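# Chain and residue survey
Single-letter residue listing:
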Amino acid sequence: MRALVISGGGSKGAFAGGVAEHLIRKQGKKYDLFLGSSTGSLLVSHLALNKIDKIKRGFTAVTQKSIFNNCPFTIKSVGGVQVIGIHHFNVLKNFFKGRKTFGESNHLRQLILNEITPEEFEALKISGKEVVITVSNLSTNKVEYKKMSECSYQDYVDWIWISCNYVPFMTLANKNGCEYGDGGLGTIIPIEEALRCGATAIDAILLDTEFPQLNRMPSRNPFDALSTIFEFMADRIGYQNVKIGKLMAEDYNAKVNLFYTPTVLTTNSLIFDKKKMEAWWQAGIEFATEKLKKQSPLF
């Protein structure tokens, strides 16, 4: 059984889309399992349906307005670099409304409803493929994996939305009596779950460099500091996910093929820029092409 696993990474998900396009279209790989965490969960449904052009158009066109009904930060260019600042009015407005986070991401849920139709969900159900979405249950302190085959359409949309909710910047969702947040808060790349589901060959796309290539500039404001802290945590979680996944793969006699980004794509994955994301998608295609030229065709 072959699995495609895509990590969290915000706007960097465009690179993963390019890698996946090459694997599916050029390499002709057929996957039985598709697993995603955070931004990866936005990609896997259409990849499973082989609707690559549709997800490419939709993903690379995402903007802050597509995601936030109340965006908690501003974006400005400083020395040619895009940085985030606090949108004080929007943050205060959210607090006055009794919300628990700085911003609200209800537009993203509507976007997912528009992009994944009930007909496409039913097509997935009868395709014989399984799609698994990673979410973090903050009430029980556990990572949960939601299988498409066990979900209703509305629940499936909810879990994808929740998997992408980068708390505290985005909505803290309440579902089934529990509070949920971004899947990446607990698992950046769900290689372990792919193995538990029976995968014997795994292509895992991790939206970070394999080795550290960055010394961050000092934080400019509290949001910048939070972003830096979460990036650090995500890096450590991802490292552990890969390490444990490799050890489990040996026990399961499975093969794991890792695709890292060759360079640092961005230091703030909450900034969605159409031109950059289109370039990252193409970069993903080119990177996968070169990587697989050097790899054994038996994998």
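Bear in mind the structure is a predicted one, so any value in this text is a computation, not a measurement. (Residues numbered from 1 in each chain as written. Predicted model: local features only at pLDDT ≥ 70, side-chain atom pairs only at ≥ 80, totals over all residues. Heavy atoms only, no water.)

### Here we look at the overall build of the protein
- From N to C terminus, the protein includes 11 helices and 10 strands.
- For 299 residues, the compact-globule formula gives about 19 Å, and the C-alpha radius of gyration of the protein, at 18 Å, lands near that figure.
- Expressed as a percentage of the 299 residues in the protein, the buried residues total 53%.
- Partitioning the intrachain contacts of the protein with sequence separation of at least 6 by distance along the chain shows that 78% fall at a separation of at least 24.
- Per element, the accessible surface of the protein, about 13800 Å² overall, is 54% carbon and sulfur.
- Here the protein contributes 36 positively and 29 negatively charged side chains, and the mean placements of these two sets differ by 4 Å. (Helix = DSSP H or I, 4+ residues; strand = E, 2+ residues; numbered from the N terminus. Rg over C-alpha atoms; globule rule 2.2 N^0.38 Å. Buried < 20%, exposed > 50% of the residue type's maximum accessible area, 1.4 Å probe, protein only. Contact = heavy atoms within 4.5 Å. Areas by Shrake-Rupley, 256 points an atom, 1.4 Å probe, with all protein chains shown as cover. Lys, Arg positive; Asp, Glu negative; His and termini not counted. Charge placed at Lys NZ, Arg CZ, Asp CG, Glu CD.)

### A word on unusual backbone geometry
- Residues valine 167 and proline 168 are joined by a peptide bond in cis, for which omega reads 10 degrees.
- By the element assignment, proline 168 lies in the loop between α8 (153–163) and β7 (173–175).
- The phi dihedral of asparagine 141 is positive, around 65 degrees, even though this residue is not glycine.
- By secondary structure assignment, the location of asparagine 141 is in the loop between β5 (130–137) and β6 (142–147).
- Of note in the backbone geometry, asparagine 176 takes a positive phi value of approximately 55 degrees without being a glycine.
- Summarising the element assignment, asparagine 176 is placed in the loop between β7 and β8 (178–181).
- The exposed category is assigned to asparagine 176, whose relative accessible area is 62%.

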